[in-house]
Structure formats: structure tokens, C-alpha cells
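Inside the fold
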Amino acid sequence: MRISAIILLVTACSSVHALNKLTIKGSKIFDSVTKEQFFIKGVAYQPRGEIKDNTMDPLADPAACARDAKLMKEIGTNVLRVYEVDSRRNHDACMKSFANEGIYLLLDIGTPKYSINRKTPEYNVHLYNAYKSTVDAFLKYDNIMGFIAGNEVTNDKTNTEASAYVKAALRDIKTYVQKTRKKDIPVGYASNDDEFIRDEIKDYFNCGDEDSQADFFGINLYEWCGDSSFEKSGFKERTMELESYSKPVFLSEYGCNLVSPREFTEVGALYGPKMTHVWSGGIVYEWSQENNRYGLVKFGSTGEPEILDDYNNFKVQMKNTKPVGVRMDSYNPQLSASHCPSISDTWKASNSLPPTPSEGACECMVQNLECIASDNVISDDSHTGTNTVGAQMDAMCGITPCDEIGGNPQTGKYGAYSFCSARDKLSWLYNQKAREIRGSNACNFNGYGQLVKPKRSDLSSCALIKPNIEGLPDQVDEKKSTGTYQVNGVSKILLCLSFALSWIIN
């Protein structure tokens, strides 16, 4: 009886699936346990299904995850790229399904609601808090591979200034993950392949101090269409351009669909000797068939999968890949960080980055004001008219200085309150102009201003208030969490085996 119980217990221990931690050394990714080089064999995963609170979250659908994880395993998938999640929802079941199939997660931290807008870029306290919330929701999982701080935010030479804000966010999330949360999880960036700025943008995210450099760099590359070749597609040139890059690079998206069904002949090159010395693999776009016709699998109203020709073609190509890497212990990288690109006609982002948003500084500033924005000012961006925050700020910046609430990515100069909310910034402008005008109606501004009694009188000290780089303590909701990832995977196995050993001894 005891022997049978011991056998069952040991068998149970062996079924605990623990993914080895991945680590970066130089320009390559390694399995920290086996010391073998790790090549990303990924798929982009963002089914356009149920939308809850204006957010699509494929990692909150346990049944779909369990179904898809097994199908992904059949085509050799080891990494999943997800573009949007809702940090408030539970992801335990989905993360377990993918971990059980040996699949890691590469997660974009932005969402359509919380992300840097390339046309009107800014990085504020709301974005910083939203990014930290997403990170906190996934740090507990063994199979989180890394976070992507931005995806094609700068996509041509007309919006390069946005990269300064993205790099600031990357810096702050990297600091939050690695220094505050004490997790060795990389944070990187995914770029498009614009011919006019491809060199500048890859260098920009790999220059400056180490804390602000991307830990990895992804490129969404669709140059290989149909039955092309390493030389004809442009893959050869892209590979040569990155040979001296000091961080891991991979295709964060690939799979041109101008010729359909796709044969995926680029797979042989990507995981072959012409590219593996530079590239760490790639992520095929994408899992589910959507209106853009990039899917490997199609789902009907019942949720049953229909395997498409693209899936079968990709499966054949992946089965033939056997990338040869280097051993971690024998790899001694000698590559250096890039030089920051100079300001030019095609590049407008200085490496003097925006400050880390300080919610305390904004609160202090507002509490020192005696003229603030009233409730007649609408904060909703979907509205138009002179009563919106944006319209009022535009009007005020024409009659009073906006230096303290604005920023200039080209010169690298940012105001003390450049990261505050739009309403807080407008209150600053109203107060500044009212102090200049003085008089009984100085704070009227056509009914959009409101007189208040200041709660503080230390405005000069507000800008000195440091940002909150701390997060909430780790919490486990026993009712919602399966508990699967509250302990490191290896520790789980050791804990389980210790029970078995104790049983035998006693």
C-alpha cells in the first residue's frame, strides 16, 4: 500500500511542468539550465473575440487557451506573443495551459487605451501606472519570457519624436521589473522596418546608459513574399546590418501574405546558418484568421478550429528546422552598445529622455493652486468643442507659457509637470494666467476656471517629489488563483519530491 502511494506521489511530481528560466547573454538568449541557445519559434496570438471593457484579452479564456496550446505545440511553438490583455482579469488557467506545452509568453504592455500615441506623444502618470499594473499581473508566472514596451510607435521619419517617450517608458518598466520587483525579466521594443529610419531606431534603443537600453530588439519584417530567397527578399541586408548589434534581435512579426496560401520558405533561412548567428528566431503572424487574412487557424461561431493551408505549410517548414546555436558557457560576447543617432532631418528624438512620472509631484502641484479647471471642462477625448481639456490647453498655451507642462523630445527638455494629467496641466495654466491677470474674474475663463482654497503652500518643493517606483505587495487570491505559479517551477518539483522522501523515511 505504501509502495503504491509512493509510486503515485513520485509520478505526480514528475508531471509538474516547470519551464526553465531563459537568460540573455550578449546578443543571444539561453536556457539557463541546459545552457543551450534558445531560438524563438513563436506565433502572434490575439484572437479578435470577446471584448470586455474595451479590451481584448485572449489569456482570460481558459477553454480557448487549452484548445490552442495543443495545436500550437504541433507546429513547434515555444513562444507566444500577445498584444493586449486586461490586468484585472485572471490568467492562471491560460498561462498553465501554455506552460504545460512548453510555451513562453512575450507580452506587449500597452493597450489601445493605454499607450503612447505617435501623433501626439506623451508619457504620463496614467500610462506608467497602467504599465506597472500589467507587469504585476504576469510577473508571477514561470513562463513569462519578457515584456514589449512599444510596437511600431515610431513607424516613419515623421514621428520619430515619439521614440523618446517610448524609451522613457521602457527605462521605467525595466527598472520596476528588475530593481523594484527583483525579477530578471527582459524589457524590449518591436519596430517596423522603415527604410529611412531603420538604422537610427535600432541604434536609439541600444544606446545611452544600460538602464535605458532595450534588453532585446524585435523587427516586424514582411519582406519575404512567396517563393523568394535570402538574397532577393532583403533578409541578407537586414542580417548584415545587425551583425554587430549587442542585444538579441528576432523577427517580432513575419509572414508576408501577398502570395496565398503562404509556403513560409523563409523559415528555412531564419533557422539556418545564414541567419542564426545574428537572429534568435521569430514570431509568425498570426494564429487566428481575421479580416487581414494572416491566420493559421480559423474559428467559427462554435469555436471549433478549422486548420488552414497556412497552418499545414508552416508545420512542414518548422519540422525541418534544426537551428544550431552556441553553448552559453563557451560564448564570450565582445559587442558594444550602439552610438546614439544624431538629430537630423529624419531623426528628431534626443537621448535626453522624459522624466519618470511622479504622481506625488502632480498632486502636490494641484493642491497648491487657487485656480483650477472646473467640472465644465470635459476630459473625454471623444468630444469636440471648446469645452474639452485639449481645446482649452491649446487656447491657454497661446496666451501663457507652457514650458512647465510641456516637453521637447528634440532638445531633450521637459517641464517639471510634463507627465501630469491633461486636467492637472490645464489647472496649472489657469492658475498661472490668473495670477498674472489678478482681479475678481481672473479665474473665470468663460466658466471653465474655478477658484479654490489651496491645501498646501509649498509649490517650490513639488517638483522634487520622487516618483513612486514601488508597486503593491504580491497578493494571491486563493479563490481566483490556481496557485500553480506562486512558487518557482523547480521549487515545486523539489517540494513535491521532499514529501515523497519524507514518506519513505517515516
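Just above, that's the structure.
Report follows, based on the coordinates.

A short note on empty space enclosed by the protein
Picture a little ball the size of a water molecule; that probe, rolled over the atoms, points out where space is still empty. Tallied over the full model, the rule gives 3 cavities of 30 Å³ or more. The volume enclosed by the largest cavity comes to roughly 90 Å³. For the lining of the largest cavity, the secondary-structure elements that each account for two or more residues are helix 6 (198-204), strand 10 (217-221) and helix 7 (235-241). Ranked by residues supplied to the lining of the largest cavity, first place goes to helix 6 with 3 residues. Of the residues that constitute the lining of the largest cavity, the class distribution is 4 nonpolar, 2 polar and 5 charged. When its volume is computed, the second largest cavity comes out at roughly 80 Å³. Lining the second largest cavity, in full, are Trp-224, Cys-225, Gly-226, Cys-256, Val-259, Pro-261, Arg-262, Glu-263, Phe-264, Thr-265 and Glu-266. Here the lining of the second largest cavity is composed, by residue class, of 6 nonpolar, 2 polar and 3 charged.

Topic: the state of the cysteines
All told, the structure shown has 7 disulfides when counted by the stated rule. Here Cys-65 connects covalently by a disulfide to Cys-94, the sulfurs 2.1 Å from one another. Residues Cys-65 and Cys-94 are joined through a disulfide that is right-handed, its torsion about the S-S bond being 85 degrees. A residue pair is termed long-range when its members are at least 10 positions apart, and Cys-65 in helix 2 (residues 62-74) and Cys-94 in helix 3 (residues 92-100) qualify at 29 residues.

Some words on helix 11 (residues 389-396)
Among all positions in helix 11, only Val-389, Gln-392, Met-393 and Met-396 are buried. One side of helix 11 holds all its buried residues, which, seen down the axis, span an arc of 100 degrees. Residues of helix 11 that are buried in the fold lie against helix 12 (422-437).

Basis of the calculations
Residues numbered from 1 in each chain as written. Predicted model: local features only at pLDDT ≥ 70, side-chain atom pairs only at ≥ 80, totals over all residues. Heavy atoms only, no water. 1 Å grid on protein atoms, 1.4 Å probe; cavity = no way out; pocket = protein on both sides within 12 Å on 5 of 7 lines; lining within 4 Å. Points joined across faces, edges and corners; volume = space filled by probe spheres on them. Helix = DSSP H or I, 4+ residues; strand = E, 2+ residues; numbered from the N terminus. Nonpolar A, V, L, I, M, F, W, Y, C, P; charged D, E, K, R; others polar. Disulfide = S-S within 2.5 Å. Buried < 20%, exposed > 50% of the residue type's maximum accessible area, 1.4 Å probe, protein only. Arc of directions from axis to C-beta. Contact = heavy atoms within 4.5 Å.

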